[in-house]
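Residue strings, one per chain:
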Amino acid sequence: MKIPKTHPRYQSLKTREQIVVGVKNGITSIHGLLAHGRGEAFDYLLGEKTHTFGKKAIEASAALLVSSRYPAISVNGNACALIGKELVELSGLLNCPLEINIFHSSKTREKNIRKYLERYGAKQVFLPQKTCSILHLGSNRKYVNKNGIYKADTVFVPLEDGDRAKALIKNGKKVITIDLNPLSRTSQAATITIVDNIIRSMPLLITYIKILKTKDANFLASIISVYNNKNILRNAEKALRT
Ligand code: PTJ
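Residues numbered from 1 in each chain as written. Predicted model: local features only at pLDDT ≥ 70, side-chain atom pairs only at ≥ 80, totals over all residues. Heavy atoms only, no water.

Asks: Looking at this model, I keep getting lost on the packing of helix α1 (residues 10-24) against helix α4 (residues 77-94). Mind explaining?
Replies: The geometry of a pair of packed helices is captured by two quantities: the angle between their axes and the separation between those axes. The contact between α1 and α4 brings their axes to 9 Å, and the two run at 125 degrees. Our classification of the angle between α1 and α4 gives oblique. Once α1 is placed against α4, the crossing between them reads as right-handed. For the pair α1 and α4, contact is made by Thr15, Gln18, Ile19 and Gly22 and by Asn78, Ala81 and Leu82, respectively. Across the contact of α1 with α4, the residue classes tally to three nonpolar, four polar and no charged. (Axes fitted to C-alpha atoms, helices over the stretch in contact; angles between N-to-C directions. Helix = DSSP H or I, 4+ residues; strand = E, 2+ residues; numbered from the N terminus. Parallel < 35°, antiparallel > 145°, perpendicular 65-115°, else oblique. Left-handed = near helix turned anticlockwise from the far one by under 90°. Contact = heavy atoms within 4.5 Å. Nonpolar A, V, L, I, M, F, W, Y, C, P; charged D, E, K, R; others polar.)

Asks: Is there a simple way to think about helix α2 (residues 31-45) in this case?
Replies: An α-helix turns once per 3.6 residues; consequently, residues spaced three or four apart project the same way. Taking 1.5 Å of rise per residue, 15 residues should cover 21 Å, and α2 covers 22 Å from first to last C-alpha, within 8% of that figure. Where α2 is concerned, the buried positions are Gly32, His36, Gly39, Glu40, Phe42 and Asp43. Each buried residue of α2 lies within a common arc of 170 degrees when the element is viewed along its axis, so the set occupies one face. For α2, the exposed residues lying more than 90 degrees away from the buried face are Leu34, Tyr44 and Leu45. Among the structural elements, α1, α4, α8 (198-212) and α10 (229-241) are those in contact with the buried residues of α2. Positive backbone phi, approximately 80 degrees, marks Gly47, located one or two places after α2. (Expected span 1.5 Å × (residues − 1). Buried < 20%, exposed > 50% of the residue type's maximum accessible area, 1.4 Å probe, protein only. Arc of directions from axis to C-beta.)

Asks: I'm lost on the site of the ligand in this one. Help?
Replies: Around the ligand, 23 residues are found, and the nearest of them are Gly77, Phe103, His104, Arg109 and Asn197. Between the ligand and the protein, one listed contact pairs an oxygen atom with a backbone N or O atom of Phe103 at 2.7 Å. In the model, a nitrogen atom of the ligand is placed 3.1 Å from a nitrogen or oxygen of the Leu180 main chain. Broken down by secondary-structure element, the contributors of at least two residues to the shell around the ligand are α2 and α4. With five residues, the top contributor of residues to the shell around the ligand is α2. (Near = heavy atom within 4 Å. Polar contact = N/O pair within 3.5 Å; in protein donor to acceptor, adjacent residues only side chain to side chain.)

Asks: Which parts of the structure should I look at to understand the sheet that holds strand β5 (residues 174-178)?
Replies: Whenever strands of a sheet pair, they do so through backbone hydrogen bonds, lying parallel or antiparallel. Across the sheet, six strands lie side by side as β3-β2-β1-β4-β5-β6; this open sheet has parallel pairing. Each edge of the open sheet carries a strand with a single partner, namely β3 (125-126) and β6 (192-194). Taken together, the five bridges between strand β4 (residues 154-158) and β5 define a ladder with parallel strand orientation. Bridging across to β5, Pro158 finds its partner in Ile178. (Pairing = 2+ DSSP bridges.)

Printed below as a string of structure tokens:
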């Protein structure tokens, strides 16, 4: 559908269209439409802008990703449709793998997501292995790749809900998430929660990473040490309720 640029809700409608195209192309699950609608509602309440709490979390995420020994990027159907290109760029900047990890299990969708990411130049796209799993998780999301999430010290998980963030933490990993709902289990469990729309925060995260890549370890550690995710979530909830 062609959306006129003059439409007052142009950006929102364009993003919605991207998700619909993702479903049509076998990348996004049909359930992804519902997840997107939920996100839209929170974004509307947040004024569809990146708040200070979002920027602080983005800066801390960049510092953590740059200083991690072995970060990995987890990709699902919604993230691929909305920010697939940026995730490939992030993987190149950090020289780290992308790993497909979807909730609504489908081998076809996994392959389509991989093809999509490779079309944008992704070098390392891993799929989950039935022979390798993390502990403390019941769903098929427990299956991971031994050279990806399994090996990672920090996992970047844009946009999902559920018990995986908690399980990853219990497996000794740091978790960075982007989620418009500060009350979700993922938001509450993550090491760093960016409460913002992934379409706005990904380009910002990339900019911060480019800057912080030039800084030394002490500088990065100083950003991480003052960061407090509980405060960030509290401020995000306050913004939602006012
Ligand atoms: O591709 P799959 O099978 O792994 O499925 C992925 C989805 C997203 C469908 C699955 O993880 C799911 O069902 O997610 P939930 O439980 O609906 O949660 C999605 C979370 O993402 C909610 O907290 C939404 O508020 C949030 N969200 C949705 N769209 C955005 C978002 N957060 C940031 N930016 C968005 N654009």
